[in-house]
Amino acid sequence: MTALALEHIHKSFPSAEGPVPVLRGVSMTLAPGTAHALTGESGSGKSTLLHIAAGLETADAGDVRVAGTALGALDEAGRAALRRGRVGLVFQQFNLIPSLNVAANLAFQARLAGRYDAGFVAHLTARLGLDGLGARYPEQLSGGQVQRVAIGRCLAARPELVLADEPTGNLDEATGDRVLDLMLELTAEAGAALLLVTHSPRLAARCDTRHHLRAGLLEDTA
Amino acid sequence: MTRATFVAFLSHWWRNKLQLAMLLAGLALATALWSGVQALNTEARAAYATAEALLSEDGAAQLEHPSGQMAQDRFVELRRAGWLVSPVLEGRADLGETRVTLIGIEPLTAPPGAGPALAAQDLEGFVAGTGFAHPQTLREIGTSALDLRPSNAVPVGSVLVDIGTAQRLLETDRISHLTVNPDQPAGLRPLNEVAPDLRRIPPGEGAELGGLTESFHLNLTAFGLLSFAVGLFIVHSAVGLAFEQRRGMFRTLRALGLPLRVLTLALVAEMLVFALIAGAAGLVLGHVLASLLMPDVALTLRGLYGAPVPGALQFNPQWALAGLGMTLAGTAIAGGQALWRLWHLPVLAPARPRAWAQASRRGLRVQAGIALALGLVALILALRPEGGLVAGFALLAAALLAAALAVPVLLSAMLSVAERRARGPLAQWFWADSRQNLPRLSLALMALMLALAANIGVGTMVASFRATFIDWLDLRLVAEVNVLPANAEEAARLEPFLAARTDAVLPMLRIDATLEGQPGQVYAMKDHATFRDNWPLIAPVPQVWDRLAAGEGVLVNEQLYRRAGLDPGADRLALPGQDPLPVLGAYPDYGNPLAQAVIALPRFQDAYPGAPVRQFALRTDNPQALIAALQDEFGLSAAQITDQAQAKELSMAIFERTFVITRALNVLTLSVAALALFAALVTLAGMRLTQLAPLWALGLTPRHLAGLELARALVLGALTLLLALPVGLMLAQVLLAVINVQAFGWRLPLQVFPGDWARLALWAGLAVLAAASLPALRLWRDGPAQLLRGFAHER
Ligand SMILES: Nc1ncnc2c1ncn2[C@@H]1O[C@H](COP(=O)(O)OP(=O)(O)OP(=O)(O)O)[C@@H](O)[C@H]1O
Ligand SMILES: [Mg+2]
């Protein structure tokens, strides 16, 4: 079974001069345990595609299947439930809940999904180098630490699909590389599929498959 | 450059019209409530001044007989002795459709004043029977036999006529009192030799409307101020929001090299323009509000104090300017913080909501300290109750401010307890998040708490008063029928008839008197079971009724008892023309602004032989037959006879009127507080997107989030109401035990009405829901589109 299947996705946004097409028939398939990179120029529609995959936005046409479930058949509540149980999201910023401390943030999605496992969370915490930070609040963390907590929180819920939108975009190169390493390692360990949006060809090169978005269409490279 | 700055500034408001509306509405409402109340006060005070200027410009002394009237010869006698005095006759008479106070003057001898000036316009006509009345009185009278002309110089409810006309209409040849011209020839025989039985009343006394009604106006002012403060909460949150949202723009403008001075100037100019626009709208609104309330205020003042206040409002630039001044000052206070933050804005500051929260946690500790200090001040003031009305209000202000400041501290504590006890992840987040956002809501919640406490406090006070008043009326109004004789002759004719036809005739006689330096009256009381069995007494001496009947002492009303600090059994009270009598006890006398003393009927008749019977209270088994007989055999008009039910109705009507204004202001204050909460929630909604977006990404629907936002508002509202309850009861207790005693002279027991609280809780819940529903609805409806932006943008 595939973790994510996109078929002929179309999406345009309204503007003063009429609808502007952003995605014009995008298809891709992610098998469990594989890592995919998505690159493209700024404004090419990478985030839009990711949002559609997560059910945060709906496509104008085309099919989206997450772990075998077609999003088109779901309403907002159904999509939210799917996100809760099967998808992990990591964004460039505003990932953490500012009013909860690190420990609560780490456990949050897993508890929401009813899949909380203290041992697993402890394991992730250690792996992510977050030991001793549990009582801190997000704004008391460095950028790299924040992103590691976001990754830990997403993986703690054992999702089948991880969607990451420039998760290291705000970090310096060395820190970004370390965080990404961890992310690749841990998603592979968990057997989840990863779709990683990035501007960096160097980071993209470390994934199994690369997709390049141009003029609303994918140009795939192995 | 300045132009470009302004364009940038204004573009913000153009894109945030709701916020602009909120800011203007807040300012306009604050101005309206404040200036409306001031308009009422100004109008009433102008009416008192009119009343006092009618008989004399500079205030003339008066000569009175203890019986309240004298023969006209006394005037002639004093003129012969060289004294420049002038006769005045006052009395109630039916005229046209209504009952008015006739004021008869003698224009040739009267000292300079508004009344004589009117008469001088057409002296012949005046002496021949022309009169003057306020236009409103003229409308109430309709058509009458008198030729009446309109004049604003005559107090409402009065008609100014020549003394001869007044005597004719009142069917008497006597006069009420004499005015003494301030300028007298030298070398006259002193008054106490020429007329030893006449009492000289210095100018200004006797007609102390200003003093009597002061507490009423102070009450109004306090309410106006409260509403104004609550209105400022709205302005504060709107200005604060506009600042938060434009933080990025300010930063960019600064980075582009715009001097801080120009930015400051632009902000100040912007607020000034808003203040002027909203202030003008508020004045109009305030005038409308005051016009709507004026008839009730006038009725209250007439009912409670007999103050002649017109029911219509005149525009007065004085309160308009004062209102605008308050608006500008209020805007400066509300906007000051924004300016302060502008000056301290780091050119590159990341948005850190928790840093904000932590800074305000330090602020919270300071706030708790101030609250504690103010609470102590209130406690000290409460333990020393002899400070007077101003001290009473100071106590209220300190206690309310302390309670308001304590609100965020207590709410924060309550929320953190809830957070620690919460089990599920969502519940945990709910409480933690509520606590984090508390600082941004705390001003609005403080306003809500004040409004709720005011509602509970004033509501409890009114309800307690009402319950006590009804019980008291039942005891007081035991006479089945009351008859008002038109004059002394009719009274004399009625008395034997009544004695034969009823179980008891209780004549009511009184004289006006100054008691312990206060304007007051002395009443006669016939010894009868009606009084012995029914009158509740405060601190009576043993055998109080027997001693009173024997003429051994005097009863005083609660007002006099408290104001003069009389101690029954130990103190004596001086009455006109008598040796001081021992005080035997005090009786409640709600709604009466005057001091009152009661002595036995025989003693009264000995001391004041000329005083006429003003009313007969009658005990009978068959009131209907008695009323019919009085109408048939004596031709008494319906207005001269009241039965028990009518009397009660009349008293209750006066009571209800007293609190119409209070209730109206109560509702207004609560509405303004709901608006303040709305403004704060709209503010918050804009800033919360980045806080809510992660939850949405984690699998909560916008609908669920919107529901949680509503629930949060309700929970905060409920907790605020919980805090408002004790504050409201404290307020009621202070009103009943301190303010009422100081202002009115009576003390009432506190009674609790939980049913009213339930009703208030319902209203408050609706208000909170109304305030929270628009932001929640927006989140629900355009949730995804909005929330996506939460990831994309920094605020
Ligand atoms: N809600 C929206 N309304 C209108 N246009 C939108 C909206 N969201 C995105 N767009 C447009 O769609 C296009 C794709 O946007 P998207 O955010 O997917 O780009 P991206 O590839 O993620 O860019 P970047 O690398 O800068 O993040 C852009 O031209 C953007 O302006
Ligand atoms: Mg993007």
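Please refer to the structure placed before this passage.
Residues numbered from 1 in each chain as written. Chains lettered and ligands numbered in written order. Predicted model: local features only at pLDDT ≥ 70, side-chain atom pairs only at ≥ 80, totals over all residues. Heavy atoms only, no water.

**Q** Pulling in residues and values, what's your account of the sheet that holds strand β3 (residues 85–95) of chain B?
**A** Residue and element names in this part refer to chain B. As summarised here, the arrangement of the eight strands in space is β6-β5-β7-β4-β3-β9-β1-β10, forming an open sheet in which the pairing is mixed. Two strands lie at the open edges of the sheet, namely β6 (147–150) and β10 (199–201), each paired on one side alone. Here the average twist between neighbouring strands, direction ignored, is 30°. Running over the sheet, helix α4 (residues 114–121) touches β4 (98–105), β5 (130–133) and β7 (158–162) and is turned about 135° from β5. The strands touched by helix α7 (residues 163–170) within the sheet are β3, β4 and β7, with β3 carrying the most contacts at an inclination of about 40°. (Pairing = 2+ DSSP bridges. Helix = DSSP H or I, 4+ residues; strand = E, 2+ residues; numbered from the N terminus. Axes fitted to C-alpha atoms, helices over the stretch in contact; angles between N-to-C directions. Contact = heavy atoms within 4.5 Å.)

**Q** Just give me the short version of the pattern of salt bridges, but keep the residues and values in it.
**A** Tallied over the entire structure, the rule returns 24 salt bridges over all chains. We note a salt bridge from R189(B) to E193(B), for which the minimum N-O separation is 3.7 Å. Residue E193(B) is classed as partly exposed on the basis of its relative accessible area, which comes to 48%. With a closest N to O distance of 2.9 Å, R532(B) and D546(B) form a salt bridge. With R532(B) in helix α16 (residues 529–534) and D546(B) in helix α17 (residues 544–549), this pair connects stretches of sequence that are 14 residues apart. Ionic contacts of the salt-bridge type, sharing partners, join the residues R127(A), E185(A) and E189(A) into one network. (Salt bridge = Lys/Arg side-chain N within 4 Å of Asp/Glu carboxyl O. Buried < 20%, exposed > 50% of the residue type's maximum accessible area, 1.4 Å probe, protein only.)

**Q** Quick rundown of the pairing of strand β9 (residues 177–180) of chain B? Include the residues and the values.
**A** All names here are of chain B. Side chains H177 and T179 project from β9 onto one buried face, and the interleaved L178 and V180 project onto a second face that is buried too. Where β3 meets β9, four bridges bridge the pair, whose relative direction is antiparallel. Its bridge partner lying in β9, P87 is registered against L178.

**Q** Quick rundown of the side chain of T39(A)? Include the residues and the values.
**A** Residues and elements named next belong to chain A. Within the secondary structure, T39 sits in strand β3 (residues 35–40). A polar side-chain atom of T39 sits 2.8 Å from a polar atom in the side chain of H212. Contact partners of T39, with chain neighbours within four places excluded, come to K46, T198, A204, H211, H212 and L213. (Polar contact = N/O pair within 3.5 Å; in protein donor to acceptor, adjacent residues only side chain to side chain.)

**Q** An account of the site of ligand 1 is requested, with residue identities and associated values reported.
**A** All names here are of chain A. Surveying the vicinity of ligand 1 reveals the residues F13, V22, E41, S42, G43, S44, G45, K46, S47, T48, E166 and H199. At 2.8 Å, a backbone N or O of G43 approaches an oxygen atom of ligand 1. In the environment of ligand 1, an oxygen atom lies 2.5 Å from a nitrogen or oxygen atom belonging to the side chain of T48. Alone, ligand 1 offers 630 Å² of accessible surface; in the complex the protein occludes 56% of this. Sort the elements by how many residues they give to the shell around ligand 1 and helix α1 (residues 46–54) lands first, with three residues. Classifying every residue of the shell around ligand 1 gives two nonpolar, seven polar and three charged. (Near = heavy atom within 4 Å. Areas by Shrake-Rupley, 256 points an atom, 1.4 Å probe, with all protein chains shown as cover. Nonpolar A, V, L, I, M, F, W, Y, C, P; charged D, E, K, R; others polar.)

**Q** Explain the packing of helix α3 (residues 102–112) of chain A against helix α5 (residues 143–156) of chain A residue by residue, including any values.
**A** Residue and element names in this part refer to chain A. Running from amino to carboxyl end, α3 crosses α5 at an angle of 30°, the nearest separation of the two axes being 6 Å. Handedness of the crossing formed by α3 with α5: right-handed. Residues V102, N105, L106, F108, Q109 and A110 of α3 form the contact with α5, whose own contacting residues are V149, G152, R153, C154 and A156. Counted by class, the contact of α3 with α5 contains seven nonpolar, three polar and one charged residues. (Left-handed = near helix turned anticlockwise from the far one by under 90°.)

**Q** Which residues make up the sheet that holds strand β1 (residues 4–13) of chain A, and what values do they have?
**A** Residue and element names in this part refer to chain A. Here four strands make up an open sheet; going across it, the order is β2-β1-β4-β5 and the pairing antiparallel. Pairing within the sheet leaves two strands with one partner each, and these edge strands are β2 (20–30) and β5 (69–70). Pairing between β1 and β2: eight bridges, direction antiparallel. Each bridged residue has a counterpart across the sheet, and for F13 the counterpart in β2 is V20. Against the sheet, α1 touches β1, β2 and β4 (61–66), its axis set at about 125° to β1.

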